[in-house]
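Structural description and commentary
Okay, here's what each chain looks like letter by letter:
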Amino acid sequence: QPQLVQSGGGLVQPGGSLRLSCAASGFALPYYAIAWFRQAPGKAREGISCITRSDMNPYYSDSMKGRFTMSRDSAKNTVYLEMNSLQLEDTAVYYCAAANRITTPQTVDPHEYTYSWGQGTQVTVSS
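Residues numbered from 1 in each chain as written. Predicted model: local features only at pLDDT ≥ 70, side-chain atom pairs only at ≥ 80, totals over all residues. Heavy atoms only, no water.

1. Overview of the confidence of the model for the protein chain
- Across the protein chain, the average pLDDT comes to 93, with 99% of residues at 70 or higher.
- The lowest-confidence element of the protein chain is strand β6 (residues 59-60), averaging 92 in pLDDT; the highest-confidence one is strand β2 (residues 10-12), averaging 98. (pLDDT = per-residue confidence, 0-100. Helix = DSSP H or I, 4+ residues; strand = E, 2+ residues; numbered from the N terminus.)

Laid out in structure tokens, this is it:
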């Protein structure tokens, strides 16, 4: 059974940094497209970034460029999201997800990720 287990969420002050982890079990991450999303209560899920199974360089949503960085450690079968210069508006539940086929990686569309989803982790930015 494929599974994604997330960790690293919590409370951070405005302007601070946080690193989220997403560890895969039951499948090998390099053979799937992996993405990060976030969702505030009552809002649709918003794409942040993704790494395709064939590309080493991540794609980023325009609003996330320059502040969020996605990376993959194949040896640990884990992906990360480094978040810098966090703002109050970044408060949300953050998810990682995997897909075995995507057609538009640039859009980071949550509907394309159907293979596995992490449980989500809360990130709260507050002074």
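2. Details of the sheet that holds strand β8 (residues 78-83)
- The strand order across the open sheet built from 4 strands is β1-β3-β8-β7, with neighbouring strands paired in antiparallel fashion. Both edges of this open sheet fall to β1 (3-7) and β7 (68-73), since each of them pairs with a single strand only. Across the sheet, the mean angle from the axis of one strand to that of its neighbour is 20°, orientation sign disregarded.
- Where β1 and strand β3 (residues 18-25) come together, 5 bridges link them in antiparallel fashion. (Pairing = 2+ DSSP bridges. Axes fitted to C-alpha atoms, helices over the stretch in contact; angles between N-to-C directions.)

3. Here we look at the nonpolar core
- In terms of nonpolar packing, the biggest core is built from 26 residues, with Leu4, Leu20, Trp36, Phe68, Leu81, Met83 and Tyr94 touching the most fellow members.
- When contributions to this core are tallied by element, the ones reaching two or more residues are β3, β4 (33-39), β5 (46-51), β7, β8, β9 (92-99) and β11 (121-125).
- Not counting residues within four places of it along the chain, the set of residues in contact with Leu81 comprises Leu18, Arg19, Leu20, Trp36, Ile48, Ser49, Phe68, Thr69, Met70 and Tyr94.
- Residues Phe37, Ala99, Val108 and Tyr113 belong to the second largest nonpolar core, which totals 9 residues. (Core = buried A, V, L, I, M, F, W, Y, C linked by side-chain atoms within 4.5 Å. Buried < 20%, exposed > 50% of the residue type's maximum accessible area, 1.4 Å probe, protein only. Contact = heavy atoms within 4.5 Å.)

4. Side note on the pairing of β7
- Burial along β7 is one-sided: the residues Phe68, Met70 and Arg72 are buried and none of Thr69, Ser71 and Asp73 is.
- One ladder, built from 6 bridges, connects β7 with β8; its direction is antiparallel. Across the sheet, residue Arg72 finds its bridge partner in β8, namely Val79.
- Following β7, the chain reverses through 4 residues before pairing antiparallel with β8; Asn77 in that reversal takes a positive phi of roughly 55°.

5. Quick word on the state of the cysteines
- Applying the stated criterion across every chain yields a total of 1 disulfide.
- The side chain of Cys22 participates in a disulfide bridge whose partner is Cys96; the two sulfur atoms lie 1.9 Å from each other. Where Cys22 bonds to Cys96 through sulfur, the torsion about that S-S bond is close to 70°, and the disulfide is right-handed. On the criterion of sequence distance, the pair formed by Cys22 in strand β3 and Cys96 in strand β9 is long-range, its members being 74 residues apart. Considered together, Cys22 and Cys96 belong to a single accessibility category, that of buried residues. (Disulfide = S-S within 2.5 Å.)

6. Side note on the pattern of salt bridges
- The final tally for this structure, using the stated rule, is 3 salt bridges.
- For the salt bridge of Arg38 with Glu46, the shortest nitrogen-to-oxygen distance reads 3.0 Å.
- Look at Arg38 and you get buried, because its relative accessible area is 10%.
- What makes Glu46 partly exposed here is its relative accessible area of 31%.
- Note that Asp90 and Arg38 form a salt bridge whose closest N and O atoms lie 2.8 Å from each other. Placement of Asp90 in the loop between β8 and β9 and of Arg38 in strand β4 is noted, with a sequence separation of 52 residues between them. (Salt bridge = Lys/Arg side-chain N within 4 Å of Asp/Glu carboxyl O.)

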